[in-house]
Structure formats: C-alpha cells, structure tokens
Amino acid sequence: MKQLGLLLLACILAFSASAQRANYNIIPLPKEVKVDTTQFFTLANGMGIAYDESDAENIRVAQFLQEWVKQATGVELQLTAADKKAPICLSLIVLAKKGKKSKQPVELTEQQKESYTLTVNKEGVLISAYEPAGLFRAAQTLRKSLPIAKGKSVELPYVQITDQPRFTYRGVLLDCGRHFFSVEFIKQFLDAMALHGCNQFHWHLTEDQGWRFEVKALPDLAKKGSVREKTVIGPSRMRIYDNIPYGGYYTQEECRDIVKYAAERYINVVPEIDMPGHMQSALHVFPNLGCTGGPYPVAPHWGVMREVLCGGNPQTLDFLKTVFGELCDVFPSPYIHIGGDECPKERWQKCAKCQAKIKELGLTAENVQVEGSDGRGSQDGRSAENKLQSYINHEIEQFLASKGRSLIGWDEILAGGLTEDAIVMSWRGTKGGVAAAKLNHRVIMSPNVFAYLDHPQLKDYGKQPRTTDSYIVSCSKIYSFEPLVPDELTKEQSDCILGYQGNLWTEQVAYPEHALYQLLPRLGAMSEVQWCNPEQKDFENFKARLPQLKKLYDKMGLVYCNEVE
Ligand code: ACM
Ligand code: ZN
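Calculation rules
Residues numbered from 1 in each chain as written. Chains lettered and ligands numbered in written order. Predicted model: local features only at pLDDT ≥ 70, side-chain atom pairs only at ≥ 80, totals over all residues. Heavy atoms only, no water. Axes fitted to C-alpha atoms, helices over the stretch in contact; angles between N-to-C directions. Helix = DSSP H or I, 4+ residues; strand = E, 2+ residues; numbered from the N terminus. Parallel < 35°, antiparallel > 145°, perpendicular 65-115°, else oblique. Contact = heavy atoms within 4.5 Å. Nonpolar A, V, L, I, M, F, W, Y, C, P; charged D, E, K, R; others polar. Polar contact = N/O pair within 3.5 Å; in protein donor to acceptor, adjacent residues only side chain to side chain. Donors = N, O, S within 2.8 Å, 3.2 Å for Na, K, Ca; no water. Tetrahedral: all angles 85-135°; square planar, octahedral: opposite > 155°, others 65-115°. Pairing = 2+ DSSP bridges. Phe/Tyr/Trp six-rings, centres within 6.5 Å; stacked < 30°, edge-to-face > 60°. Salt bridge = Lys/Arg side-chain N within 4 Å of Asp/Glu carboxyl O. Buried < 20%, exposed > 50% of the residue type's maximum accessible area, 1.4 Å probe, protein only.

1. Some words on the packing of helix 4 (residues 132-145) against helix 19 (residues 539-556)
Close contact between helix 4 and helix 19 brings their axes to 9 Å; oriented N to C, the two are set at 100°. Between helix 4 and helix 19, the angle is such that the two are roughly perpendicular. Here Arg143, Lys144 and Ser145 of helix 4 come into contact with helix 19, specifically with Gln548, Leu549, Leu552 and Met556. Here the contact of helix 4 with helix 19 is composed, by residue class, of three nonpolar, two polar and two charged.

2. Let's talk about the environment of Tyr24
By secondary structure assignment, the location of Tyr24 is in the loop between helix 1 (2-19) and strand 1 (32-44). Sequence-distant contacts of Tyr24, defined by excluding residues within four places in its chain, comprise Val33, Val35, Val120, Ser145, Leu156, Pro157, Val159 and Ile161. At 2.6 Å, the side chain of Tyr24 forms a polar contact with the backbone oxygen of Pro157.

3. What about the coordination of the zinc ion (ligand 2)?
Protein ligation of the zinc ion (ligand 2) involves Cys291 (SG), Cys310 (SG), Cys351 (SG) and Cys354 (SG), the donor distances falling in the range 2.3 to 2.4 Å. Because the angles between the four donor atoms bound to the zinc ion (ligand 2) fall within 105 to 114°, the donor set is best described as tetrahedral. Mapped onto the sequence, the residues coordinating the zinc ion (ligand 2) show the spacing C-x18-C-x40-C-x2-C. Taken as a pair, Cys291 in the loop between helix 8 (280-285) and helix 9 (314-330) and Cys310 in the loop between helix 8 and helix 9 lie far apart in primary sequence, 19 residues in all.

4. So, the sheet that holds strand 1
Read across the sheet, seven strands follow the order 1-7-5-6-4-2-3 without closing on themselves; strand pairing throughout is mixed. Two strands bound the open sheet, and with one partner strand each, they are strand 1 and strand 3 (78-79). Both strand 5 (residues 116-121) and strand 6 (residues 124-129) contribute to a ladder of six bridges, which runs antiparallel. What sits directly across from Leu118, in strand 6, is Ile127. With respect to the sheet, helix 2 (residues 56-73) is in contact with strand 1, strand 2 (48-50), strand 3, strand 4 (88-92), strand 6 and strand 7 (153-163), its orientation differing from that of strand 4 by roughly 150°.

5. Regarding the sheet that holds strand 17 (residues 497-504)
Spatially, eight strands are ordered 8-9-12-13-14-15-16-17 in a closed barrel, and the strand pairing comes out parallel. Averaged over all adjacent pairs, the angle separating strand axes in this sheet is 30°, with direction ignored. Pairing between strand 14 (residues 406-410) and strand 15 (residues 423-426): three bridges, direction parallel. By the bridge assignment, Gly409 is partnered in strand 15 with Val424.

6. Brief notes about the packing of aromatic side chains
Going through the model one piece at a time under the given rule, you end up with 24 aromatic pairs. Residues Tyr452 and Trp505 carry aromatic rings whose centres are separated by 6.0 Å and whose planes lie at 55° to one another, so their mutual orientation is tilted. On the criterion of sequence distance, the pair formed by Tyr452 in the loop between helix 14 (448-451) and helix 15 (475-479) and Trp505 in the loop between strand 17 and helix 17 (512-519) is long-range, its members being 53 residues apart. Site record: aromatic cluster; members linked through ring pairs are Phe180, Phe181, Phe185, Phe189, Phe201, Trp203, Phe213, Tyr250 and Phe331.

7. A closer look at the pattern of salt bridges
If you walk through the whole model with that rule in mind, you get 27 salt bridges. Asp191 is the partner of Arg265 in a salt bridge, and the nearest nitrogen-oxygen pair spans 2.9 Å. One end of the pair, Arg265, is in the loop between helix 7 (252-264) and strand 12 (268-275); the other, Asp191, is in helix 5 (residues 183-195), and 74 residues separate them in sequence. With a relative accessible area of 8%, Arg265 lands in the buried category. Judged by relative accessible area, Asp191 falls into the partly exposed class, the value being 24%. Residues participating in the shared-partner salt-bridge network are Asp175, Arg178, Glu207 and Glu507.

Structure representation (structure tokens):
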C-alpha cells in the first residue's frame with residue numbers, strides 16, 4: 001500500500017514537473033536545435049529581461065516576451081534595461097566590416113536580418129540577433145516552447161538554437177473585398193501570422209463586391225462603392241439573395257493603424273487594388289470608366305464579371321494614379337499589388353475607345369504560347385487586348401517606380417507580356433511562376449491547389465463549415481509543396497522565387513471565427529514550407545508537434561480546425 005502511495009506521488013511529481021517544462025518542438029521548426037534535456041534553467045517570477053535601451057524596438061520585443069511568458073505560464077518577469085546580470089538577455093550583434101577601420105555596417109541578407117540564436121544555459125536565456133526582427137522571431141520561438149501552465153516557475157532545458165528563414169516572402173492574403181473584417185480582427189489575424197513567422201500580409205482591399213479603401217480625393221468611391229444591396233446565399237449560380245445591404249471600408253487612419261500594428265510584429269502590409277478586372281464596385285461609383293457606361297451595381301454575387309475598367313479611356317489611368325498615389329501614401333510597402341487577374345476582354349473587343357487605343361499604340365495579336373491561359377480572362381494568349389492590359393500595367397509600374405515601389409500582379413499579367421520589373425504571383429498552378437522565373441522576374445508562389453485557404457481542409461465536407469468546394473487543400477497538401485519547382489527551374493532561376501503565400505478568399509467566409517478556422521492549423525503547415533529547409537520537413541513529425549501549438553491557439557483565443565489530413 002505504502003509502495004503504491006509512493007508510486008502515485010512519484011507519478012504526480014513527474015507529471016507536474018513535465019507540465020511546467022518547456023520543449024523546443026515548435027512550428028515552424030528552427031533550423032538547428034541542440035538540446036540537453038538533462039539540465040534546466042528555471043525561469044521564475046521576478047526575474048529580469050535585459051534589453052538595449054538605446055533602441056525602442058528592443059524595448060518592444062522585451063515587452064512582448066514579458067507578456068507572452070505571463071500569458072503562457074503565469075510567470076511574471078520584469079524589464080530591467082541593460083542589466084548584464086539579468087537572466088534573460090536580448091542583445092543585438094554589432095557588425096563591422098572586417099579589415100576596415102571605419103565601423104561601416106555590414107550588408108545583411110534579408111534572411112540574416114531575421115536570424116537569431118537563442119541559448120539557454122546555467123546563466124539563463126540569451127537571445128542575440130543582428131536586427132530587432134531577429135529578436136522578435138526568437139521571442140516567438142521561446143513563447144512557443146513554453147508549456148501552457150499556471151505557476152511561479154518554468155523549467156527550460158538547456159539549448160542552443162540557431163535559426164533563420166528559408167524564404168524572404170512568407171505571406172498570407174486576406175480578402176476583405178467579398179467580406180469586410182474589422183480592424184480588431186485583422187490585428188488578431190496579424191498576431192496569428194506573426195506566431196507562424198510570416199512577414200507579408202497581402203491585404204486584398206477591392207473587389208466587384210465591395211471597395212474597402214478610403215481614397216480622400218474620391219470620397220464617394222469607398223462611401224458608395226463599399227455597399228452592395230444584397231448578397232447571394234449559397235451557390236452563386238442559384239442567384240438567391242438575402243436582400244440585406246452589406247458594407248464597410250477602412251479609413252486611411254485605420255489602414256495606417258494596421259500598418260503600424262503589423263510593422264511592430266515585423267510584418268509588411270502589401271495592399272492590393274485589383275484592376276482592370278474585379279472593378280465593378282468602382283464602376284458603380286464611376287460608370288464613365290466602364291466600356292458601356294453602365295449603370296453597374298456593386299456585385300451582389302460571386303464569379304468573374306465581364307464589366308471591367310475601360311482600357312481605352314484616358315480617365316482610367318487618371319483614376320488609377322489617384323488611387324495608387326494615395327495607396328502609396330498610406331502603405332510604405334516596397335511591393336504594391338495591382339491584381340491583374342480574371343479580366344475578360346469581351347467588352348474591350350467591342351469598345352470603340354479600347355480599339356482606338358489598341359490602334360494608337362500599334363498593338364497586334366501575336367501567336368505566342370502563354371503559360372497559364374485558362375479561359376478566365378487571358379484565354380487569347382498574346383492578343384491585342386491582353387497587350388492593352390500590359391500597357392496599363394506598364395503605366396502603373398512606372399508610376400509606382402517613381403515612388404520607389406515594385407509591382408506585383410497575378411500570373412495573368414504574363415499574357416500580354418510582362419512589364420520590366422513585375423513580380424508575378426503564380427496562382428493558377430506553378431506554370432506562370434516558372435515562366436516568369438525563366439524570364440528572370442521575381443515570383444511568389446501561391447498555386448491554388450496548394451495554397452487556397454478558402455477550400456476545405458478535410459475530405460468529409462460535413463465536418464467543416466461550407467466553403468469553396470471544388471477541391472480539397474489539406475494540411476498535407478500544403479506541406480508537400482516545394483516552391484522552387486526543382487524539376488523545372490535551374491538553381492539560378494529558382495533564386496527568383498521569393499516565397500510562398502496562402503490565400504484566404506472570403507466569398508464563403510463571412511465571420512472571423514470561420515476565417516480563423518480556414519487559416520488554422522493550415523498556416524502551421526504552410527509556415528514550415530516558408531521557413532524550414534526541405535530536408536527538415538516531415539509531415540508525421542509536424543503532426544506530432546501540433547498539439548503544443550494548438551494549446552497556444554486556445555490560449556490566444558484562435559479558432560482552428562481540430563483535425564489534420
Ligand atoms: C485569383 O484567385 N483570382 C487570384
Ligand atoms: Zn473600353
């Protein structure tokens with residue numbers, strides 16, 4: 001009996017000890033983790049976090065770490081500025097070029113800017129990085145390693161972690177055109193992204209179904225263009241509507257607030273104004289910009305609309321420059337997304353203004369094989385109309401370049417010929433991306449069958465909310481993607497691939513909880529492709545690491561799909 005009691009006590013002690021113990025089996029997996037599970041540093045209430053006071057960003061990272069440790073474990077740490085003896089220390093590495101007398105800063109690669117080392121030994125926790133972004137990624141690593149517990153101390157096994165991301169562009173798109181999401185939710189979305197090491201928030205701000213970006217010079221654009229009279233219920237082709245007006249847009253002040261919130265989490269916001277297709281909400285406000293003159297309703301249902309901006313009307317370019325000008329004022333992003341997808345040319349073929357412009361520019365159809373042509377607007381390959389779209393892209397590219405920005409477009413921008421510096425976002429598979437990389441253009445891979453988060457994640461449709469149901473994008477599918485497409489690209493060409501992005505379209509996603517359900521845990525799977533080297537990837541191992549991350553999702557109030565396929 002006594003022996004049984006002792007055994008029970010030992011079990012309870014072992015359990016409580018392990019419940020308060022960190023482990024480094026996190027998502028995404030760091031590049032190198034050398035752990036010694038026989039020795040521990042005990043993180044306890046009242047211990048200090050030292051940071052370099054000279055830099056406001058370091059203070060913020062220290063504050064994040066303090067908040068996260070408390071959130072996960074209940075342990076309360078104190079910020080102690082540059083106290084060398086503090087057990088937790090955030091330190092920036094000062095670089096100087098070797099052999100140079102002057103302390104000229106060394107050029108870091110984008111990956112090095114986010115790299116860090118995290119050491120736990122008898123002295124405590126030392127995080128060091130070249131830039132605050134690296135300190136932030138390290139703090140997230142420590143956060144994800146912590147047990148979710150409530151106590152006064154936590155045991156951290158000794159470890160040496162060396163980490164840096166594989167890709168410089170690790171993105172997620174949220175479509176706020178089909179459905180409007182609050183600023184508060186977008187901040188939660190950004191927190192979820194930061195947790196997974198993502199660094200690019202692609203904000204899809206305009207759609208046929210709603211214009212969401214305030215343009216001060218054109219006040220009616222957001223006021224009137226953001227509101228549709230009704231929304232289709234269920235399959236779009238059934239044309240059954242709810243008859244409830246739906247709207248919402250972001251003021252420039254709110255956009256700046258989002259940009260700041262994202263930047264504090266080392267996320268860049270890539271805004272998208274989708275043109276010249278997907279513009280029916282703008283045509284509703286400015287029918288003179290359409291080929292037929294309208295009237296045009298803000299679209300109440302989903303699909304590819306044939307009403308697009310008129311490519312031959314000079315006012316179209318004036319309009320676009322006004323919009324992109326204000327967009328650049330609000331968003332400091334080096335990349336500006338111009339959309340370019342799904343622009344049927346039916347109207348342009350018959351429009352006198354479009355045809356006159358084609359003639360004026362001397363554009364003629366060419367018999368050139370265009371990758372990715374699929375009947376959704378670029379079906380005519382290098383047609384004169386597709387070349388007219390490239391002409392508009394060229395004008396906007398020059399405009400953006402004058403503001404120091406690069407243009408990103410969906411892979412349809414290949415059809416009429418790529419503009420000089422365009423970055424291609426490959427969504428209709430990888431073909432467009434491969435073709436662009438072969439032309440030495442930068443590419444972001446976002447192939448629908450691997451990256452469309454609006455699609456179901458489980459085979460059994462009955463187990464999940466209704467979504468875009470033509471194919472399944474499971475965690476394992478997302479995980480299996482290799483962005484460098486080694487069978488088709490040489491090493492040099494694959495250097496053009498900036499990264500991988502998941503897209504959360506929202507035709508069928510109207511509520512924050514549903515959006516999070518679509519996002520998680522698939523973003524976990526995607527983050528390993530974005531962050532880890534291919535040889536580290538192991539889906540079974542990923543699944544084994546997921547329960548720990550889900551506990552943190554719970555703690556953060558993030559809804560997720562509880563099954564993984
Ligand atoms: C897209 O899905 N139309 C980019
Ligand atoms: Zn026209």
